[in-house]
There are 2 protein chains.
Amino acid sequence: MNRDAIGIFDSGIGGLTVAAEIARRLPAEDIIYLGDTARLPYGTKSAATVTRYAERAMELLLRYPVKAVVVACNTATAHALPTLRELTDMPVLGVVEPGARAAAEATRTGRIGITGTEATIRSEAYHRAILARLPDAQLTAMAWPLLVPLAEEGWLDHPVTRLTAETYLGPMVAAGVDTLVLGCTHYPVFKTLIASVLRERFGREDVVLVDSAEAVTTELAALIEDQDLAAPERAGRRSFFCTDAPERFIRVGSTFLPGGDLGSATAIDL
Amino acid sequence: MNRDAIGIFDSGIGGLTVAAEIARRLPAEDIIYLGDTARLPYGTKSAATVTRYAERAMELLLRYPVKAVVVACNTATAHALPTLRELTDMPVLGVVEPGARAAAEATRTGRIGITGTEATIRSEAYHRAILARLPDAQLTAMAWPLLVPLAEEGWLDHPVTRLTAETYLGPMVAAGVDTLVLGCTHYPVFKTLIASVLRERFGREDVVLVDSAEAVTTELAALIEDQDLAAPERAGRRSFFCTDAPERFIRVGSTFLPGGDLGSATAIDL
């Protein structure tokens, strides 16, 4: 048993989809979430810059009493996970491995689509992780940068978003993928819309959408059980920190949580 | 006469619309452009963070031989111009005052629309600058955050962009504006599309679009003449610096320049 919190680190707001999934599946756990809103987005920046920013943010998070850290940002995971693991002895989970494992298990044809930020796609981290499990997989990768600002604009089911999804999904459907990795923590808020566009626009009901929030939570739950880290039965507390503009973090972030309203968030200095 | 360069500072890539206009109107002038791509965008961040980032970037720019600085980022101008002016004795021009002046001169009814990033709109810098000239002006302000990623995606005349422009222009047309300030340096790349949507979707041919790149260049040209700062007749050189990911800066930035290709860009450390 361990009363410390699960630490979640993200470049900004998107990782709240991971926080929401962890809160749903592990309701007794305290959660301390840090969004690096002063330096977001990581997704258009270089590997060196992403790593430097992620290291500094992780150091901030480690000042709090946490027992395990989830790097809920695909870009930070793809570029900086080994560096971040060197900062602490506690378990540090990224989102890429669990997502890749879920995709490799879900595919029937080996044709897998990978989506994410420019930096995540350029890193080829999902390519490597999937091919390590399924060397014959045929991968189609594509950056979907507009989904992040569309999510932050709150246009979750807007005609503009639907048309953007049609544009982005076209090459994936043409490549015949049967599994699609949503490799950015913002994307799960569009899961219903993506499934609906696949069905209605492309007649595809059979594409499995891999949500790394779900995949990493499964891994986290197993790790907590294996290492006997579970909190006692209770209602876990959630604390939110960001490095800039807490009003915006609360306003935009609340639309990412089922049930809305994340309450308060505290700004901490870089 | 003065052989030093015009320094242009921007949060990233959008200010290249200003650089292009200055190069067109003042072809003999050398231009040194610095885009703070490691910390972009400024538009979703707080006033304090924008000011801190802008100060550091401006200090970098001032290491080069420049005779005047244009702050080509509306967000940095709106929040940090007085602070940036304290860093040097040379002339420092922002984009808000020239844009506000052009809008106040263009309007016939006093109904003016103001668009920009969230941070620019929240600053109310355009409100103050326009009302100082035209106290009875009726202002309608609205953040148009999606135009920045749409420009960087290169979707300059894409159906998604057209639908986004229709959504954003609706409230401006409903408010009866006859002048619209494009208060973000990314937006001028959509001038043709915005005019076309106003005409074809809303039957409005009479709305004046104020492009702050043009407005600030007019002011810069006057200042150079007044203070006898002009370069000798020659073909001015252009140098581009950014604080991160020069490949992306070149690739995306080249789509912002009439004639394309900005050549090379050099990454400098923060």
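Position labels on residues start from 1 in each chain and follow its written sequence. Chains and ligands are labelled by the order in which they are written, letters from A for the one and numbers from 1 for the other. Since the coordinates come from a predicted model, pLDDT governs what is reported: local features require at least 70, and pairs of side-chain atoms require 80 or more to be given and counted, while whole-chain, interface and lining totals use all residues. Water and hydrogen atoms were dropped before computing side-chain values, which therefore reflect all heavy atoms in the structure.

**Details of the overall build of chain A**
Point 1. The number of helices and strands found in chain A is 11 helices and 10 strands.
Point 2. We compute the radius of gyration over the C-alpha atoms and compare it with the globule rule, which gives 2.2 Å times the number of residues raised to the power 0.38. The C-alpha radius of gyration computed for chain A amounts to 18 Å, which stays within 12% of the reference 18 Å derived for 270 residues, consistent with globular compactness.
Point 3. Taken along its principal axes, the extent of the C-alpha atoms in chain A is 50 × 40 × 40 Å.
Point 4. Here the contacts in chain A between residues at least 6 apart in sequence split such that 77% fall between residues at least 24 apart.
Point 5. Under the convention used here, a 1.4 Å probe and the Shrake-Rupley method define accessible areas, while residue burial counts only the protein chains that appear. If you sum the accessible surface of chain A, you get close to 10300 Å²; carbon and sulfur atoms cover 50% of it.
Point 6. Neither His nor the chain termini are counted; the positive set is Lys and Arg, and the negative set is Asp and Glu. A charged residue contributes its charge at one atom only: NZ of Lys, CZ of Arg, CG of Asp or CD of Glu. In chain A, which carries 26 positive and 34 negative side-chain charges, the distance between the mean positions of the two groups comes to 2 Å. Helix numbering and strand numbering both begin at the N terminus, where a helix is a DSSP run of H or I of at least 4 residues and a strand a DSSP run of E of at least 2. Here, two residues are considered to be in contact whenever any of their heavy atoms come within 4.5 Å of each other.

**What to know about the nonpolar core**
Point 1. Throughout this description, the term nonpolar core refers to a set of buried Ala, Val, Leu, Ile, Met, Phe, Trp, Tyr and Cys residues connected via side-chain atoms within 4.5 Å. For every residue, the accessible area obtained with a 1.4 Å probe (protein chains only) is divided by the maximum for its type, and the residue is called buried under 20%, exposed over 50%, and partly exposed between those limits. Counting residues in hydrophobic clusters, the biggest one holds 111 residues, and the most contacted among them are Leu16, Trp144 and Phe249 of chain A together with Leu16, Trp144 and Phe249 of chain B.
Point 2. With residues up to four places along the chain from it excluded, the contact list for Trp144 of chain A reads Thr115, Gly116, Tyr168, Leu169, Met172, Leu180, Tyr187 and Ile194 of chain A.

**Considerations on the interface of chain A and chain B**
Point 1. Across the boundary between the two partners, chain A contributes 30 residues, which contact 30 residues of chain B.
Point 2. Considering only the side of chain A, the residues that lose the most area to chain B are Leu146, Asp244 and Arg248 of chain A, jointly responsible for 19% of the buried surface there.
Point 3. Take a side-chain nitrogen of Lys or Arg and a carboxyl oxygen of Asp or Glu: if they are within 4 Å of each other, that pair is a salt bridge. Joining chain A to chain B, the criterion identifies 4 salt bridges.
Point 4. With its nearest N and O atoms 3.2 Å apart, the salt bridge here joins Arg251 of chain A to Glu118 of chain B.
Point 5. Elements with a minimum of two residues in the side of chain A that touches chain B: helix H2 (47-61), helix H7 (147-153), helix H8 (159-174) and helix H11 (246-254) of chain A. In this description, buried area is defined as the sum, over both parts, of the accessible area (probe of 1.4 Å) that is lost when the two are combined.

**Topic: the domain arrangement of chain A**
Residues and elements named next belong to chain A.
Point 1. One can read the domain layout of chain A as domain 1 (5-94 + 214-267) and domain 2 (97-212).
Point 2. For domain 1 versus domain 2, the separation of C-alpha centres amounts to 22 Å.
Point 3. Contacts between domain 1 and domain 2 engage 26 residues on the former and 24 residues on the latter.
Point 4. Note on domain 1 versus domain 2: buried area summed over both sides is about 1800 Å², and carbon and sulfur give 52% of it.
Point 5. When the buried area of domain 1 at its contact with domain 2 is split by residue, Asn74, Glu214 and Phe256 rank highest and sum to 27% of it.
Point 6. Remark: the boundary between domain 1 and domain 2 carries 3 salt bridges.
Point 7. Two residues, Glu219 and Arg101, come together in a salt bridge whose shortest N-O distance is 2.7 Å. Each domain span listed reflects an automatic or database assignment of domains.

**Some thoughts on the sheet that holds strand E9 (residues 238-242) of chain A**
All names here are of chain A.
Point 1. Only strands joined by at least two bridges in the DSSP assignment are considered to pair. The strand order across the open sheet built from 6 strands is E4-E3-E1-E2-E9-E10, with neighbouring strands paired in parallel fashion. Strands at the two margins of the open sheet, each flanked by one partner only, are strand E4 (92-93) and strand E10 (266-267).
Point 2. As judged from the 5 bridges shared by strand E2 (residues 31-35) and E9, these two strands associate in the parallel manner. Counterpart to Tyr33 in the pairing with E9 is Phe240.
Point 3. A fitted line through C-alpha atoms represents every axis, and for helices the fit uses only the stretch in contact; the resulting angles, taken between N-to-C directions, go from 0 to 180 degrees. Strand contacts of helix H1 (residues 16-25): strand E1 (5-10), E2, strand E3 (66-71) and E9, with the helix running at about 175° to E2, the strand carrying the most contacts.
Point 4. Contacts from H11 reach E2, E9 and E10 within the one sheet, and its direction differs from that of E9 by about 130°.

**Describing the relation of the copies chain A and chain B**
Point 1. Mapping chain A onto chain B leaves a residual RMSD of 0.0 Å; the transformation is a rotation of 180° accompanied by 0.0 Å of translation along its axis. Here the two chains are linked by the operation of a two-fold rotation axis.
Point 2. Most of the interface of chain A is mirrored in chain B: 100% of its interface residues are interface residues there too. The superposition of copies rests on a least-squares fit of C-alpha positions from residues with pLDDT of 70 or more in both.

**A few points about the environment of Val66 of chain B**
Residues and elements named next belong to chain B.
Point 1. Topologically, Val66 is positioned in strand E3 (residues 66-71).
Point 2. For Val66 and Ala102, which are 36 residues apart along the polypeptide, the C-alpha to C-alpha distance reads 27 Å.
Point 3. In contact with Val66, other than residues within four places in its own chain, are Asp4, Ala5, Ile6, Gly7, Ile32 and Met90.

**Remarks on the pairing of E3 of chain A**
Residue and element names in this part refer to chain A.
Point 1. Taken across its 6 residues, E3 has 6 buried, putting it largely inside the fold.
Point 2. One ladder, built from 5 bridges, connects E1 with E3; its direction is parallel. Directly across from Ala5, in E3, lies its bridge partner Val66.
Point 3. Where E3 and E4 come together, 2 bridges link them in parallel fashion. For Val69, the partnering residue across the bridge sits in E4 and is Val92.
Point 4. A right-handed crossover is one whose linking path, passing over the helix from the first strand to the second, runs clockwise when the strands point away from the viewer. Taken together, E3, helix H3 (residues 74-85) and E4 constitute a β-α-β crossover, and its handedness is right-handed.

**Description of the confidence of the model for chain A**
Point 1. Of the residues in chain A, 100% reach a pLDDT of 70 or more, and the chain-wide mean stands at 96.
Point 2. What the predictor reports for the complex is a pTM of 0.94 with an ipTM of 0.92. For every residue, the predictor reports its confidence as pLDDT, a number between 0 and 100.

**Side note on the pattern of salt bridges**
Opposite charge on two side chains allows them to pair when their charged atoms are near.
Point 1. This model, assessed by the stated rule, comprises 40 salt bridges over all chains.
Point 2. Arg108 of chain A is the partner of Asp178 of chain A in a salt bridge, and the nearest nitrogen-oxygen pair spans 3.8 Å. Note that Asp178 of chain A is positioned in the loop between H8 and strand E7 (179-183) and Arg108 of chain A in the loop between helix H4 (96-106) and strand E5 (111-116), a separation of 70 residues in sequence.
Point 3. Classification of Asp178 of chain A by relative accessible area gives buried; the value is 2%.
Point 4. Judged by relative accessible area, Arg108 of chain A falls into the exposed class, the value being 54%.
Point 5. One salt bridge connects Arg248 of chain B with Glu152 of chain B, and the closest N-O pair in it is separated by 3.2 Å. Of this pair, Arg248 of chain B sits in helix H11 (residues 246-254) while Glu152 of chain B is found in helix H7 (residues 147-153), placing the two residues 96 residues apart along the sequence.
Point 6. Residue Glu152 of chain B is classed as buried on the basis of its relative accessible area, which comes to 15%.
Point 7. Where salt bridges share partners, they join Arg108, Asp178, Arg204 and Asp206 of chain A into one cluster.

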